[in-house]
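Structural description and commentary
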Amino acid sequence: MKKFVFTIGFCFILFNLFSQKIIVGAERFKFYSSMLEGKSVAVLTNQTGRIGNENLVDFLHDNKVQIVTIFSPEHGFRGTADAGEKVDNSVDAKTGISIQSLYGGNAEKSMDSIIQNIDVLVFDLQDVGLRYYTYLTTMVHAMNVCAHHNKKMLVLDRPNPNGFYVDGPVLDMKLKSGVGILPIPVVHGMTLGELALMTNGEKWLKNGAKCDLTVVPCLNYTHKMHYNLPVPPSPNLPNMRSVYLYPSLCYFEATPVSLGRGTDAPFQQFGNPQMTAYSYSFTPRSVSGAKNPPQLNQLCYGVNLQTKPADKVIFKKGVDLSYLIEAYQNMNMGDKFFNPFFEKLIGVAYVRKMIIEGKSASEIKARWKEDVRNFKKLRKPYLLYPE
């Protein structure tokens, strides 16, 4: 009987542990409000920085935090601009606070003069867990500027929707760019808060500098969870299927193949007008968030991934280069299939060579297996949440 009662009690504890609502860093205002009281504050955020249904800037403004500037990343403060589109500086209509765009120019230069005149930079962006997703690059730029001017940086952490695995090649720093700024795998399995701590700890900032950093962690989150994003992080990642396929499909950005930008299913299909061996088709159009997508107004033949069962296929395969290899073989263009941006996205030189040599996706994955294992050991001291 005692054993039965203990088992029931233990199960009840486990149920409570895994059924508790995740509390993101931004929601823990009582935890960090004292760091902002009486301070001159800049906020780096966008439409993903939310406390419930309220934007972080609106919430802080209503709570008398003295915000002097809003910094906005790629896609703008409201998250509607195209990928790579330059966004002009503006003023937030609701609060009257000036908005300084950090994308489409030199982000650190854009921040430099403003950071000199503030006390604290609050950073809150919902990342998707990919090295080439530019919110990570924006965070590192912000850390560099804060370190240079000895300013406090407060990172309000959020879960990583691809945080349940680590995969892909570690960036060769010879290929460092705006879509790859740290020597980490494509899928790093960390939150931005954890990566900020790692960037400091591994001395990855300019000249080995260290940022005065505080991370406000989430509550009730673990890296085993499959976290559903409450707000699309950018216009062409509209749902969780696109977020899960993003680590495997983004490389098409450096090829003639469309991955569905300009349709209602970006990052959930791929095709090209010349891939006529396929019966499935789609036509990219000019739409909000994809005004001039690849293969605009062209009928593309290809592969539909909208029905792929996430739990059986996407989760188990991780970074899956078989889609890229399939399209490469179908188009029969040889090395002309790739443009130089490919190496920046994948982060190493050997993947293109192996595809051209006819290697399989599993053979290529085996090449980076040891690098992933070593990275997982390196990141361990910086993890804030159970694996």
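Whatever comes next refers back to the structure up there.
Residues numbered from 1 in each chain as written. Predicted model: local features only at pLDDT ≥ 70, side-chain atom pairs only at ≥ 80, totals over all residues. Heavy atoms only, no water.

What follows deals with the overall build of the chain. Tallying secondary structure elements over the chain gives 12 helices and 14 strands in all. Expected size for 387 residues packed as a compact globule is a radius of gyration near 21 Å; at 22 Å, the chain falls within 12% of this value. Oriented by its inertia axes, the alpha-carbon framework of the chain measures out at about 70 × 65 × 40 Å. Here the chain holds 387 residues, and 56% of them are scored as buried. Put simply, 72% of the contacts in the chain that link residues at least 6 apart link residues at least 24 apart. Element-wise, carbon and sulfur atoms account for 53% of the exposed surface of the chain, whose accessible area totals about 17200 Å². (Helix = DSSP H or I, 4+ residues; strand = E, 2+ residues; numbered from the N terminus. Rg over C-alpha atoms; globule rule 2.2 N^0.38 Å. Buried < 20%, exposed > 50% of the residue type's maximum accessible area, 1.4 Å probe, protein only. Contact = heavy atoms within 4.5 Å. Areas by Shrake-Rupley, 256 points an atom, 1.4 Å probe, with all protein chains shown as cover.)

The mixed open sheet is built from seven strands, whose spatial order is β5-β6-β4-β1-β7-β8-β11. Either end of the sheet is taken by a strand with one partner, and the two such strands are β5 (90-91) and β11 (212-216). Sheet topology note: the β5/strand β6 (residues 98-101) ladder contains two bridges and is antiparallel. Residue pairing in the sheet places S90 in a bridge with I99 of β6. Along the sheet, helix α5 (residues 134-149) makes contact with β1 (40-45), β7 (120-124), β8 (152-156) and β11, crossing β8 at roughly 155 degrees. (Pairing = 2+ DSSP bridges. Axes fitted to C-alpha atoms, helices over the stretch in contact; angles between N-to-C directions.)

Bringing the side chain of R131 into the picture now. By the element assignment, R131 lies in the loop between β7 and α5. Here R131 sits buried without a salt bridge, and the closest side chain of opposite charge, D371, lies 9.3 Å off (N-O distance). (Lys, Arg positive; Asp, Glu negative; His and termini not counted. Salt bridge = Lys/Arg side-chain N within 4 Å of Asp/Glu carboxyl O.)

Spatial ordering of the open sheet is given by β12-β14-β13, a layout of three strands whose pairing is antiparallel. Of all strands in the sheet, those with a lone pairing partner are β12 (269-272) and β13 (280-282), marking the two edges. Between one strand and the next, the sheet's axes are offset by a mean angle of 45 degrees, whatever the strand orientation. Two strands pair when backbone bridges link them, and β13 and strand β14 (residues 300-304) are joined in this way by three bridges, in the antiparallel orientation. The partner of S281 across the bridge, within β14, is Y301.

For the rest of this paragraph, the subject is the packing of helix α7 (residues 240-249) against helix α8 (residues 310-317). Packing of α7 against α8 brings their axes to within 9 Å, and their N-to-C directions diverge by 30 degrees. Between α7 and α8 lies a crossing whose hand is left-handed. Contacts between α7 and α8 involve R241, Y244 and L245 from the former and A310, I314 and F315 from the latter. In terms of residue class, the contact of α7 with α8 is made up of five nonpolar, no polar and one charged. (Left-handed = near helix turned anticlockwise from the far one by under 90°. Nonpolar A, V, L, I, M, F, W, Y, C, P; charged D, E, K, R; others polar.)

Here we take up the pattern of salt bridges. This model, assessed by the stated rule, comprises 12 salt bridges. Residues R352 and D335 are paired through a salt bridge, measuring 2.9 Å at the closest nitrogen-oxygen approach. Of this pair, R352 sits in helix α11 (residues 350-356) while D335 is found in the loop between α9 (322-331) and α10 (341-346), placing the two residues 17 residues apart along the sequence.

Here the focus is the packing of helix α4 (residues 107-115) against α5. A pair of packed helices is characterised by two quantities: the angle between their axes and the separation of those axes. Relative orientation of the contacting elements α4 and α5 amounts to 40 degrees, with a least axis distance of 9 Å. With respect to α5, the axis of α4 lies oblique. Regarding α4 and α5, the two cross each other, and that crossing is right-handed. Across from A107, E108, M111, D112 and I115 in α4, the residues of α5 making contact are H141, A142, N144, V145, C146, H148 and H149. For the contact of α4 with α5, the residue count by class is six nonpolar, four polar and two charged. (Parallel < 35°, antiparallel > 145°, perpendicular 65-115°, else oblique.)

Another aspect to go through is the packing of aromatic side chains. Applying the stated criterion across every chain yields a total of 20 aromatic pairs. Judged by centre distance (5.9 Å) and plane angle (85 degrees), the rings of Y133 and Y246 are edge-to-face. Here Y133, found in the loop between β7 and α5, pairs with Y246, found in helix α7; they are 113 residues apart in sequence, far enough to count as distant. Exposure remark for Y133: the relative accessible area of 4% places this residue in the buried category. Taken together, Y132, Y133, Y135, Y246, Y251, F267, Y328, F337, F338 and F342 form an aromatic cluster joined through their ring pairs. Taking the ring centre of F31 as reference, the NZ or CZ of R28 above it sits at 4.5 Å. (Phe/Tyr/Trp six-rings, centres within 6.5 Å; stacked < 30°, edge-to-face > 60°. Lys NZ or Arg CZ within 6 Å of the ring centre and 35° of its normal.)

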